[in-house]
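Survey of secondary and tertiary structure
In case you want the letters, here they are:
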Amino acid sequence: MSKKSQALPVDTVKFSSFYHDAFLRLRKDKVAVCCLAFVILLIIVAVFAPIIAPYPESYQDTANILSGSSSEHLLGTDEYGRDILSRIIYGSRVSLMVGVVAESIAVVIGVTMGALAGYYGGKVDMVISRIIEVFASFPQILFAIVIMFVLGTGIINVFFAIGFVGWTSVARVIRSQVMQLKSNEYVEAARASGGGNLAIIMRHLIPNCLSTIIVIITMEIPADIMYEASLSFLGLGVQPPQSSWGEMINKARTYLRANPTYSIYPGIALVLTVLAFNLLGDALRDALDPKLKNL
Amino acid sequence: MAKYILNRLWQTVIVLIGVTLITFVMINIAPGDPVAVMMAKKADEATITKIREQMGLNEPLPVQYITFLKNAVTGDFGNSYFQKYPVSTLIARGFKVTGTLAVGVLLFSIPFGLILGILAAIFRGRILDRVFMFISTLGMALPSFWFAIILQLIFGLWLKVLPISGVNTLSGYVLPSIALGLIYGASIARLTRTNMLEVLNQDYIRTAHAKGVSEVAVVLRHSLRNAAIPILTYLGTLIKNILGGSVLVETVFSIKGLGSLLVEGIMKRDIPVIQGCTIYIATVFVIANLLIDLLYGLIDPRIRVSKGGA
């Protein structure tokens, strides 16, 4: 028996699935691993913000207003004497939530529209493609601003505004992917065995787009985080006393001379987060779906 | 070619109608009575009803939309509620400033991106390539409004060499152009590098080298021209994003352009201004895209054939 297994090492040949392969490729990429670690750290910080932050979000140390770094306040304080480090930590919650919730909205709308257009083609495709084109004619940030005007400020509305803005890029990619996939034999087989259109889309086409969807999500999350920061920077997004990095940068602008570092720290948090997601997205794309290179 | 152009024109008209429709619907479902906002609660009920009548706000929405569309085609977006000017005048005034800013952004980002991208492609895999690509990756993650503040701190407050607000002189445009242009320069650099690498691997480049054409000539005459086509496509998106991004940068530098006109309109709920700006900006993008597509068809004959021309 042992001789046989030496000659034919069946038990050492592992069946590696598509995602397992991708994971192995990703693990070799040092930059990607660092970015993933940073994102995980960020999630931990956001979830445990009340434990990690040295001060409560709105605690005002009136003796220290607009102070620089000190042992009490590592990154200094703002115009109300609130600890900047603590507010950055709490602000990570807003950024991550926007990334997840807004992108989920965009993905649901985008995948539905893209799959319908790609699968049915013809008139359905023409109508949906025109709708996509109309939506994509507005600069994203401007469109988000107008939606915030319609819905009113606040974090829930930020989710919807950014979701409505982001769906077109998802729809475009899914549309072209479904178009290619639908001519595959397994789709024909599913139809021959009596599968309805909806079942084919839901059970066969969308699952086959999954790797693409994962890549798009990772690549769009940093953009969504940037839009939220921009909206809050303009005073149209998250409202004080809730802290958001964009809102902090906006407030800091008034105190450039009194405390220049006040404006710098929330920006660094924003840049690092966006950078980590961008690089992670690039690596995931290379690992999962090299065809999307020109996205 | 004629068929391709006609097709493209027809598409453009449909998209523009869609743009006005979406904007009109969105603004009209926004809560709050525009007349009440305009009068700032100073008028009594009867006056408000009278003004509503005069402004045609009692008509059914489809009728209002048709009237709106008819006026919009002639460039008439109504009068601002708060500034005693027609919206078209305000837009024209704002566009002069934002247009200059956009030119500044293009003048900064295109050479910046091309030079970085070409050098990175030529020295691919070496230190210079890594450094340039790191700069461009970082550039793509920098929020323009924050980078703008950093520039204000460095050049305005510490070095005191450039104005940090207003555009009374042309030098006022320098920092805003860099703040907004960095992210696009970074994207152009990446795009150029990828395209150049693709082109540099082609047989005709090897032939050119074999013929003894100098390195500079190979890059400039043979590679860049082919690598430039995708960049031309990017130009449409670039114009759209500059118009969008100007909202943020204009706020930081207190520039009275189209972006700050819109933001101010939003803050005051000045509906004609919001409507006018939104439609105007989208239209500029749609028309620019149309022109780019037509130009693209002229430069690259393969496109007009494949898109059902001939």
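Structure's up top.
Scope of this entry: the structure provided in the associated data block.

**As for the overall build of chain B**
- Assigned secondary structure in chain B consists of 13 helices and zero strands.
- With the C-alpha coordinates aligned to their principal axes, the bounding extent of chain B is approximately 85 × 60 × 30 Å.
- For chain B, buried positions account for 38% of its 310 residues.
- In chain B, of all internal contacts separated by at least 6 residues, the share reaching a separation of at least 24 is 73%.

**Focus on the interface of chain B and chain A**
- Counting from both sides, the interface comprises 36 residues of chain B and, opposite them, 32 residues of chain A.
- Only α1 (2–29), α6 (127–141), α7 (144–158), α10 (215–252), α11 (258–268) and α12 (271–299) of chain B provide two or more residues apiece to the side of chain B that touches chain A.
- The element that contributes the greatest number of residues to the side of chain B that touches chain A is α10(B), accounting for eight residues.
- Per-class residue counts for the side of chain B that touches chain A are 27 nonpolar, eight polar and one charged.

**Observations regarding unusual backbone geometry**
- Residue A:P240 is joined to A:P241 through a cis peptide bond whose omega torsion reads 10°.
- In this fold, A:P241 is placed in the loop between α11 (210–233) and α12 (245–252).
- Look at B:S254: it is not a glycine, yet its phi comes out positive at around 45°.
- Along the chain, the position of B:S254 falls in the loop between α10 and α11.
- Exposure remark for B:S254: the 12 C-beta atoms within 10 Å place this residue in the exposed category.
- You will see that B:R269, though not glycine, has its phi angle at about 55°, which is positive.
- Tracing the chain through its elements places B:R269 in the loop between α11 and α12.

**Some points on the environment of A:A63**
- With respect to the helices, strands and loops of the structure, A:A63 is situated in the loop between α4 (49–52) and α5 (84–120).
- A tally of 9 C-beta atoms within 10 Å means that A:A63 is categorised as exposed.

**A look at helix α6 (residues 122–135) of chain A**
- The end-to-end C-alpha distance of α6(A), which contains 14 residues, comes to 20 Å, matching closely the 20 Å that a straight helix rising 1.5 Å per residue would cover.
- Those residues of α6(A) that sit buried are A:I128, A:I132, A:V134 and A:F135. Seen end-on, α6(A) carries its buried residues on one side only, within an arc spanning 165°. Exposed and oriented more than 90 degrees from the buried face of α6(A) are A:G122, A:K123 and A:M126.
- Buried residues in α6(A) make contact with α5 and α8 (155–181) of chain A together with α1 of chain B.

**Description of α5(A)**
- The terminal C-alpha atoms of α5(A) lie 53 Å apart, and with 37 residues this matches the ideal 54 Å at 1.5 Å per residue to within 8%.
- Following α5(A) by one or two positions, A:G121 adopts a phi angle in the positive range, close to 60°.

**Brief notes about the nonpolar core**
- Judged by nonpolar contacts, the single largest core of 154 residues is most densely connected at A:A144 and A:I145.
- Among the elements that make up this core, the one with the highest residue count is α5(A) (15 residues).
- Contact partners of A:I145, with chain neighbours within four places excluded, come to A:L231, A:L234, A:L236, B:V247 and B:I266.

**Examining the environment of B:K256**
- Within the secondary structure, B:K256 is located in the loop between α10 and α11.
- Discounting chain neighbours no more than four positions away, the residues touching B:K256 are B:G94 and B:V97.

Calculation rules
- Residues numbered from 1 in each chain as written.
- Chains lettered and ligands numbered in written order.
- Predicted model: local features only at pLDDT ≥ 70, side-chain atom pairs only at ≥ 80, totals over all residues.
- Helix = DSSP H or I, 4+ residues; strand = E, 2+ residues; numbered from the N terminus.
- Buried ≥ 20, exposed ≤ 12 C-beta atoms within 10 Å, placed from the backbone.
- Contact = placed C-beta atoms within 7 Å.
- Nonpolar A, V, L, I, M, F, W, Y, C, P; charged D, E, K, R; others polar.
- Expected span 1.5 Å × (residues − 1).
- Arc of directions from axis to C-beta.
- Core = buried A, V, L, I, M, F, W, Y, C linked by C-beta atoms within 7 Å.

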